[in-house]
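Architecture at a glance
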Amino acid sequence: MPEELQESMMRTIPGLENVKMVRPAYGVEYDHVDARELGPTLETKRIKGLFLAGQINGTTGYEEAAAQGAVAGINAGLAALYLPPMVITRADGFMGVMIDDLIVKGAEEPYRMFTSRSEYRMTLRSDNADLRLTEIGRQAGAVSDERWKVFTDTRSRIQDTTKLLNDIRLSPQARYTGWRTHGFMVQNDGVLRSAFEMLRHAGVTASILRGAVPALADLDADEALLSRIDIDGQYAAHLIRQEADLRLFLEDEALTLDPFMDYSVIPGISEEVRERLGRVRPTNVGAAKRMEGMTPASIVALLRHAKRTFRQPAMLVE
């Protein structure tokens, strides 16, 4: 809105009839590339060695830019050293969700990363970020020896404590040893329940279980670590279902597509889908499925063509 109109507009608001404008508001406009021109490492498809991050990719926000900068910067360094790239998928973290959205769907308006964009929100939690991402960073050379030692120690303690809680199984009402004897009101059905399963009950935490599981005191498990195990225990049933979804997702991600595939010769797909495939050039079947307008029939036709024509390594001829 022009500066000369802004003050007049504000004076129409009750209580601001005599307002004085100190500084006019302004709109921010900037050009950006079509993020579908990028690969999952944020390297441009047309210019090898050029990596883009931040507003130029159509995003807005400091966190969004920082996440892209980390991925693009690490991959630029790996490319310079001729090392394998670091790819973060939708199953690994929210930055993977953001990058996948950008390179598959593009950004028709400034992109912000909302947790609702992820299909795996129960798995992508702040409390388990180290378990999801530290190993990926280590393989890329971005995690120091000191940080790696802290991580491996934490991971071992979580695994040991979780195993102990799963191994301790008590009946509802055995004399001296049942869950009811320890003050936990469970259904008296004769079913053995592990200490880890008890975490699903309202108000039960790993700390509270110390009385029934004395061996917890022998483990190096502080309250912060136990609270992480509480979350895993509380949502265990849901996490099992989500892990099944993740396995299916990773299977699709493992089915790579030839980046030089000629989509014009694939029978059984519409011209609209053909055009979108040529523009996006998905790197795997999972990315192709997530494209707008992609139908089940189109996926079947793409898979059939990919299996028949995917390039095999050239055979050496003496």
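Check the entry above for the structure.
1. Structural notes on the environment of Leu-277
Positionally, Leu-277 belongs in helix α9 (residues 271-280). Separated by 16 residues in sequence, Leu-277 and Met-261 place their C-alpha atoms 9.6 Å apart. Ignoring anything within four residues of it in the chain, the contact list for Leu-277 reads Tyr-263, Ile-269, Pro-282, Met-291, Met-294 and Leu-302.

2. Examining unusual backbone geometry
Although it is not a glycine, Leu-42 sits at a positive phi angle of roughly 70°. In this fold, Leu-42 is placed in the loop between α1 (3-10) and α2 (62-80). Overall, Leu-42 belongs to the buried group, its relative accessible area being 0%. With a phi angle near 50°, Arg-281 is a residue other than glycine that sits in the positive phi range. Relative to the helices and strands, Arg-281 resides in the loop between α9 and α10 (285-289). Accessibility expressed as a relative area gives 29% for Arg-281, which makes it partly exposed.

3. What to know about the packing of helix α4 (residues 129-139) against helix α5 (residues 145-167)
Axes are the key here: two packed helices are described by the angle between their axes and the distance separating the axes. It is at 11 Å that the axes of α4 and α5 come closest, and there the two elements cross at 140°. For the pair α4 and α5, the crossing hand works out as left-handed. Each of Asp-130, Leu-131, Thr-134, Glu-135 and Arg-138 in α4 lies in contact with α5, whose residues at this interface are Asp-145, Arg-147, Trp-148, Phe-151, Thr-154, Arg-155 and Ile-158. In terms of residue class, the contact of α4 with α5 is built from 4 nonpolar, 2 polar and 6 charged.

4. Observations concerning the packing of α2 against helix α3 (residues 94-105)
One way to put it is that α2 packs onto α3 with a least axis distance of 10 Å and a crossing angle of 85°. One finds that α2 runs roughly perpendicular with respect to α3. Mapping the contact onto sequence places Glu-64, Ala-67, Gln-68 and Val-71 in α2 and Met-95, Met-98, Ile-99 and Leu-102 in α3.

5. Focus on helix α7 (residues 223-234)
Structural remark: α-helix, 3.6 residues per turn; residues separated by three or four positions point the same way. The end-to-end C-alpha distance of α7 is 16 Å, a good match for the 16 Å that 12 residues give at a rise of 1.5 Å each. Looking at the buried side of α7, the elements it contacts are α4, α5, α6 (195-198) and α8 (236-254).

6. Description of the environment of Leu-102
With respect to the helices, strands and loops of the structure, Leu-102 is situated in helix α3. Sequence separation of Leu-102 and Leu-42 is 60 residues, and the distance between their C-alpha atoms is 9.8 Å. Aside from chain neighbours lying at most four places away, what touches Leu-102 is Ala-35, Arg-36, Asn-57, Thr-59, Gln-68, Ala-107 and Tyr-111.

7. Some thoughts on the packing of aromatic side chains
The description of an aromatic ring pair uses the distance of the two centres, along with the angle that the planes make with each other. Counted under the stated rule, the structure contains 3 aromatic pairs. Their ring planes at 40° and their centres at 5.3 Å tell us that Trp-148 and Phe-151 sit as a pair that is tilted. Pair noted here: Trp-148 and Phe-151 are both in helix α5, with a separation of 3 residues, about one helical turn. The residues Trp-148 and Phe-151 share a single accessibility class, namely buried. The side chain of Arg-117 reaches across the aromatic face of Tyr-111, ending 4.1 Å from its centre.

8. Remarks on the pattern of salt bridges
The full count for this structure, using the stated rule, is 23 salt bridges. A salt bridge links Glu-223 to Arg-210, with the nearest nitrogen and oxygen atoms 3.2 Å apart. A residue pair is termed long-range when its members are at least 10 positions apart, and Glu-223 in helix α7 and Arg-210 in the loop between α6 and α7 qualify at 13 residues. A salt bridge links Glu-275 to Arg-279; its shortest N-O distance comes to 3.6 Å. Of the two residues, Glu-275 and Arg-279 are both situated in helix α9; the distance of 4 residues between them amounts to about one turn of the helix. What makes Glu-275 exposed here is its relative accessible area of 53%. What makes Arg-279 partly exposed here is its relative accessible area of 31%. Several salt bridges share partner residues, and in doing so they unite Arg-90, Asp-100, Asp-101, Glu-119, Glu-253 and Arg-290 into one network.

Cut-offs applied
Residues numbered from 1 in each chain as written. Predicted model: local features only at pLDDT ≥ 70, side-chain atom pairs only at ≥ 80, totals over all residues. Heavy atoms only, no water. Helix = DSSP H or I, 4+ residues; strand = E, 2+ residues; numbered from the N terminus. Contact = heavy atoms within 4.5 Å. Buried < 20%, exposed > 50% of the residue type's maximum accessible area, 1.4 Å probe, protein only. Axes fitted to C-alpha atoms, helices over the stretch in contact; angles between N-to-C directions. Left-handed = near helix turned anticlockwise from the far one by under 90°. Nonpolar A, V, L, I, M, F, W, Y, C, P; charged D, E, K, R; others polar. Parallel < 35°, antiparallel > 145°, perpendicular 65-115°, else oblique. Expected span 1.5 Å × (residues − 1). Phe/Tyr/Trp six-rings, centres within 6.5 Å; stacked < 30°, edge-to-face > 60°. Lys NZ or Arg CZ within 6 Å of the ring centre and 35° of its normal. Salt bridge = Lys/Arg side-chain N within 4 Å of Asp/Glu carboxyl O.

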